[in-house]
Amino acid sequence: MADSTPTGALRRGLTFWRRSIQARVVASTVLLSAVVVAAVGWLLIQQTQEGLLKNRVETVVAEAANETADVNSQLARAPGTDNDAGTQLRDLFEPIEDRGAARGFAVVLAGPVGSGVPLDGGGTRSSAGLDVTSVPGSLQDHFASPADPAWTYTQIRMDQENGEVREGAGIVVGSQIELKADGELYTLYYLFSLDEDAETLSLVSRALLTAAVSLLVLVAGLTWLVTRQVVTPIRLARRVAERLAAGELQERVRVTGEDDLARLATSFNQMASSLQKQIRQLEELSRVQRRFVSDVSHELRTPLTTVRMAGDVLYDGRRDFDPATSRAAELLQTELDRFETLLADLLEISRFDAGAAQLDTDDVNLVDVAHRVVNMTRALADQRSVAVLVRAPGRPCLAEADVRRVERIVRNLVTNAIDHAESRDVVIRVEGDESAAAIAVRDYGVGLAPGESAMVFNRFWRADPARARTSGGTGLGLSISLEDTHLHGGWLQAWGRPGEGAQFRLTLPRRAGGQLRQSPIPLVPVDSQEMV
Amino acid sequence: MRRTPALSTAIALVIVALSGCVSLPESGPVVPADNEGSFADELGSRYLPNPPQPGESATDIVRHFLEAMTATPIQTNSAAEFLTEDAQASWEPEGETIVYGDATQPKGQTRVSVALTDAHVLDSRGVFAGRLPPADRTFSFRMTIEEGQWRIDDPPDALIVPRYWTDDQFRPVDVYFFDPTARILVPEPVSVPRGEQFATALTRSLLAGPGPALAQVSRNFLPPQLTLGLSVPVDADGIADVALQGDGSSMSAEEAELAAVQLAWTLRQDPAIRSIRLTADGQPLPGQSSLIRVEDGAQYGPADFSSSTSLLALRDGRLVSGQPDAMTPVDGLAGQQDYGFTDFAVSLDSTQVAGITDGGTSVLLGPTFARDGLLDQVVSGATSLLPPVWDFADRLWLVDRTSQGAQVTLIDRQGPRLVDVPGVTGERVRHVLVSRDGSRLVSVVRRPGRVRGEERPPRDQVVTSRIQYDDRGDLLAVTDARRLPWPTGERPRIRDIAWRTATSVAVLYPIRELVQVRTLTVDGAPVDASVASPTLGGDYRYLIGSPEIGGALFAASAQAYTDLTEADRNPEPADVDLSTLTYTG
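These figures come from a predicted structure and were not determined experimentally. (Residues numbered from 1 in each chain as written. Chains lettered and ligands numbered in written order. Predicted model: local features only at pLDDT ≥ 70, side-chain atom pairs only at ≥ 80, totals over all residues.)

Things to note about the overall build of chain B
The test is simple: Strands here are runs of E lasting at least two residues and helices are runs of H or I lasting at least four, both read from the DSSP assignment and numbered beginning at the N terminus. The contact rule is simple: place each C-beta atom from the backbone, and if two of them lie within 7 Å, those residues are in contact.
Helices and strands together make up the secondary structure of chain B, namely 8 helices and 41 strands. By sequence separation, contacts in chain B at least 24 residues apart represent 53% of the contacts at least 6 residues apart.

Here is the structure:
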């Protein structure tokens, strides 16, 4: 659980990233700007560095050349009879060292050329504190024999007063002079520090970095502002659309200004109004239809009762009629039964449509329900030579439900199964757990074509319009069952496959109003080929 | 969503690249520097002597060693190659310079000897140190075989060079010190290398000071703790960089100023130098700006110390001044009144006049421009007074030729007194000059012409003495008179002498029917062959000259005078009314 928080944060962040167009636009703009700014900054710094170095190299090479010319001039003016090389070297070196200390360069005087002694091997004069190995070997090699002046970059190491060694980039320029006292060539190395240039460069870099960061912050802020202006109306429109979807058809987007977003809002509102109007019309139409059905049903009851009574009289006296009339009386009676059933179903449907259906809940054992329904439909089953089997666990499968409606649902399902069983067995499976109870009715008849499993609950739907309603169903049974199920907050689902039969499954929450998560019985039966 | 990692990687790469670029390079290839220094070698003839060749004989080695010392520009590396390694290490050719007229062919094997003729010595400062005595003129070189080759083992610590070479390579110049009262510069002649080394040599010579022998004659305000480093470079703007080593902060501002004046006067002889950057340990001397113009300190000049450039003369016994062809009476009584002067001298600032009267037996002294009053008679009863001489400190020098020989009298602020001048007092003195700086007394002394007991006509000698003062300007002593060597074998009778420069005198003497004017330097060094010695036809008796730089020099007779500084030297008719032409002093 320890890593759940970061993971959670990551998930929330990703969710935010997925959902916020504003965040994505701001982030990508900032990233792209950062790339551009970094590239430009790199170019600028590169140019600055090149310029600084070029300038510095020119300056120091010129300064070294001047110093060497100065030394040569001094040597030319030294008395020709001076033949003490040591003194002459000292007299030569000290002024350069002093000038170097004043002007910020260090000096190494080495030689004579050709002696083969390395710089740190003795006989070398150098400015105070300078580590003579600051002169790179490549340059020493260059001046191992008589050579023209040359320069290179190096790392200058100076001993500080506090005992530390200070290191820094530098330029070392070398040139050779001929000492008058002994006529030998000596090499002068001038070491110029690049500290000032490094400071300048870092100043420029810092300025550029500051500018870049400011620019990026500015870009981020601007992008955020711009996208906010665009996204906010869209978000408002989304919320309004969500409310519209939730049925609050009177919701509208508030329109301000005359820009594209305002026109979008206006169009959106027009669309909403149009939709609202059509939905109202459809609702009205539907209401009128239902009212019509309800009214017709009610209006038909009174004449039907009269016709029924007259039919009963005729049916009771049918033995006195000639066979043809007697048969007509029987037919009349049968059709009157169906008509009454149909009318009752229509009235039931009307009650659902009017929202007048009420639940009278109690703990119901679905196993009992199954057995009762089997008993109730035994006559029909026998008539169709169908065996209805109940497979139930040895314990009650309870659900808090309206027993009358549940029984009606199961009866509908069993009747429907017997209707389509084509003399094969019908199996009723009952299961239950702590959160739900289910009952599934399986037949092995013609089955359902693909797509039909969703349509079987439509009113007056039939798989084969040409087939007779042998069982006397009204075509509303499954619709009423579905309404009953919904009233319980349960599921009623159908599965079927041509040639393999069908299975209808009713799942009810254990407690009324409880949320269903899964059914104790799979929708697809275990004996279907799909499972195999 | 898939772009983000790619973008992040790109940005990370950019940042890494960026941070990589911000650091400056610490290594790289060796690049030739195309910017050569703007140092141009001096133009002029050059001579790089050959090094010793394998198999050279000992005598050849010595001959070529002497030859190698004449390298141009001056250097001793070539000569050192003829020495053994030990000798190379210990040889100090800067000790002195021996200049010879000619040298014999080297002789010998393990000891090779060379005899020099007409040799003299310049010390390390370039000061003439006298002729080489005959005993020292033969040099014997000990020869050793080193790595199969003859080499010299014991070279003398000197640069031994022929006269013709020094005439080309050395230049006679003066270094300037101060008199003991620090009021006027005292020049000392030296001979130093020409060319690029000139300024360095001058400065070194100046720093070395006048030497202990001249302790009471001249003072050096450049303290001995200051030394010169490698050299004195002169840049294209004519600025000589005299970077001295040592602490100059102990000098007072006055001393520093006088030191700067000495340096300015000394280095102004190099025409390339217009100003001097004088530092000691990198700091200007106390109270001095770091840049000194060579014209600075003109008031300390040894020859033109507040003196007039006009000629002075007597016309009808009255004092007149001006140019030879336009003389006007001076202001004051001396221009109005005939005091009966036979000779006279006007002080350098023209304020006082001293005149010889009464047939050379008395001296009148007084202000030149006084409009009333009489001149004081400061000397009377003398025998035969030579023309009086003033120096810058208004000291009047008188020489009376008594029967016991010359007597030198000095009249200064303490009054007249006799001065003993060894080599002059008691001699037959014909002429006497005192330098304007008061440091030199030049006399012409007539010696009996006796050679090895044989009587010959008497001959004249030019002798020079140095005059010593204390730091208040009071006379201490006058040194032994030193004879200035006469450049030719003959010993002429000298008619007159006059100052040519502050350190040289012109000498007028007859050669048969003609007269010649020859210049002698006061240190006795041979005069550069380039200095003209004009020969004139005519009975010239007098020389009228001034030591000022660019000053005139006239040879005069009773009827005519000739300007010797003019190229054509045409005699001009003299104003017969004029007598006793002279300059101040």
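A word on the overall build of chain A
The number of helices and strands found in chain A is 12 helices and 12 strands. For chain A, the proportion of contacts with a sequence separation of at least 24, taken over those separated by at least 6, is 66%.

Observations regarding the interface of chain A and chain B
To keep it simple, the criterion reads: We treat two strands as partners when DSSP finds at least two bridges between them.
The partner chain B presents 48 residues to the 57 residues of chain A that form the contact. Within the residue set of the side of chain A that touches chain B, elements represented by two or more residues are α2 (21-77), α3 (85-103), α4 (137-142), β3 (150-159), β4 (165-178) and α5 (195-245) of chain A. Examining the composition of the side of chain A that touches chain B, we find that 22 residues originate from one element, α2 of chain A, more than from any other. Note that β3 of chain A and strand β1 (residues 31-32) of chain B share 2 bridges and pair antiparallel.

Things to note about the nonpolar core
Where we set the bar: A set of buried residues qualifies as a nonpolar core if it consists of Ala, Val, Leu, Ile, Met, Phe, Trp, Tyr and Cys joined through C-beta atoms within 7 Å. Any residue surrounded by 20 or more other C-beta atoms within 10 Å of its C-beta is treated as buried, while 12 or fewer makes it exposed and the intermediate range makes it partly exposed; C-beta atoms here are placed from the backbone.
Among the nonpolar cores identified, the biggest contains 156 residues, and L263, I276, I497, V505 and A555 of chain B are the most heavily contacted of them. If sequence neighbours within four positions are ignored, I276 of chain B has contacts with A240, V242, L263, A264, L267, I292 and V294 of chain B. Judged by nonpolar contacts, the second largest core, of 48 residues, contains V132, A150 and V172 of chain A together with V22 of chain B.

Some points on the pairing of strand β22 (residues 362-367) of chain B
Residue and element names in this part refer to chain B. Of the strand pairs in this sheet, strand β21 (residues 352-357) and β22 are connected by 6 bridges, and their pairing is antiparallel. Its bridge partner lying in β22, T357 is registered against S362. Hairpin geometry of β21 and β22 is characterised by an intervening segment of 4 residues between the two adjacent antiparallel strands and by a positive phi of about 55 degrees at D358. With 3 bridges joining them, β22 and strand β23 (residues 376-379) adopt antiparallel strand pairing. Counted as the bridge partner of L365 is D376 from β23.

Thoughts on the environment of V369 of chain A
Residues and elements named next belong to chain A. Structurally, V369 is set in helix α8 (residues 366-376). With 24 C-beta atoms counted inside 10 Å, the residue V369 sits in the buried group. Spatially, the C-alpha atom of V369 lies 9.8 Å from that of V430, the residues being 61 residues apart in sequence. With sequence-adjacent residues up to four places away left out, V369 is seen in contact with V364, V406, E407 and V410.

So, the environment of S191 of chain B
All names here are of chain B. The residue S191 is located in strand β11 (residues 185-193) in this model. Through-space distance from the C-alpha of S191 to that of A201 is 9.3 Å; in sequence the pair is 10 residues apart. The residues contacting S191, other than those within four sequence positions of it, are L122, G126, F128, F170, P172 and A525.

Regarding the packing of helix α6 (residues 198-208) of chain B against helix α7 (residues 253-267) of chain B
All names here are of chain B. Quick reminder of the rule: Only the stretch in contact is used when fitting a helix axis, every axis being a line fitted to C-alpha atoms; angles between N-to-C directions are given from 0 to 180 degrees. Helix crossings are classified by the rotation of the near helix relative to the far one: an anticlockwise turn of less than a right angle makes the crossing left-handed, while a clockwise turn makes it right-handed. Think of it as three bins: nonpolar holds Ala, Val, Leu, Ile, Met, Phe, Trp, Tyr, Cys and Pro, charged holds Asp, Glu, Lys and Arg, and polar takes everything else, Gly as well.
Remark: α6 packs on α7, axes separated minimally by 10 Å, with the N-to-C direction vectors making an angle of 140 degrees. Considering only the axes of α6 and α7, their crossing is right-handed. Facing A199, L202 and L206 of α6, the residues of α7 in contact are Q262, L263, T266 and L267. For the contact of α6 with α7, the per-class residue count stands at 5 nonpolar, 2 polar and no charged.

Quick look at the confidence of the model for chain B
Quick reminder of the rule: On a scale of 0 to 100, pLDDT captures the predictor's confidence in every residue.
Across chain B, the average pLDDT comes to 86, with 93% of residues at 70 or higher. ipTM for the predicted complex: 0.77, alongside a pTM of 0.69.

A short note on the sheet that holds strand β19 (residues 326-329) of chain B
All names here are of chain B. Taking strand neighbours across the sheet as the criterion, the 4 strands line up as β19-β18-β17-β41 in an open arrangement whose pairing is antiparallel. Two strands lie at the open edges of the sheet, namely β19 and β41 (578-582), each paired on one side alone. On average, each strand axis in the sheet is inclined to that of its neighbour by 35 degrees, with strand direction left out of account. Sheet topology places strand β17 (residues 311-315) next to β41; 3 bridges connect them, and they run antiparallel.

Examining the packing of helix α7 (residues 323-354) of chain A against helix α12 (residues 477-488) of chain A
All names here are of chain A. For the pair α7 and α12, the least separation of the axes is 10 Å and the interaxial angle reads 30 degrees. Classified by chirality, the crossing of α12 by α7 is left-handed. Along the contact surface, α7 presents D345, E348, I349 and F352, while α12 presents S479, I480 and E483. A class-by-class count of the residues in the contact of α7 with α12 yields 3 nonpolar, 1 polar and 3 charged.

Overview of the sheet that holds strand β8 (residues 149-152) of chain B
Residues and elements named next belong to chain B. A sheet is described by the order of its strands in space; here 4 strands give the open sequence β3-β4-β7-β8, paired in antiparallel fashion. Every other strand in the sheet has two partners, leaving β3 (102-103) and β8 as the edge strands with one partner each. Pairing between β3 and strand β4 (residues 111-117): 2 bridges, direction antiparallel. By the bridge assignment for β4, D102 is matched with T117. In the packing of helix α2 (residues 58-68) onto the sheet, contacts are made with β3, β4, β7 (138-146) and β8, and the angle to β8 comes to roughly 45 degrees.

Section: unusual backbone geometry
Cis rather than trans, the peptide bond between T72 of chain B and P73 of chain B has omega equal to -10 degrees. Of note in this structure, D316 of chain B is not a glycine but carries a positive phi near 55 degrees.

Some details on the pairing of β11 of chain B
Residue and element names in this part refer to chain B. Counting buried positions over the 9 residues of β11 gives 9, a clear majority of the element. Here 9 bridges tie strand β10 (residues 170-178) to β11, and the two strands are oriented antiparallel to one another. For F177, the partnering residue across the bridge sits in β11 and is V186. Count of turn residues in the β10/β11 antiparallel hairpin: 6 residues, of which A182 carries a positive phi of about 60 degrees.

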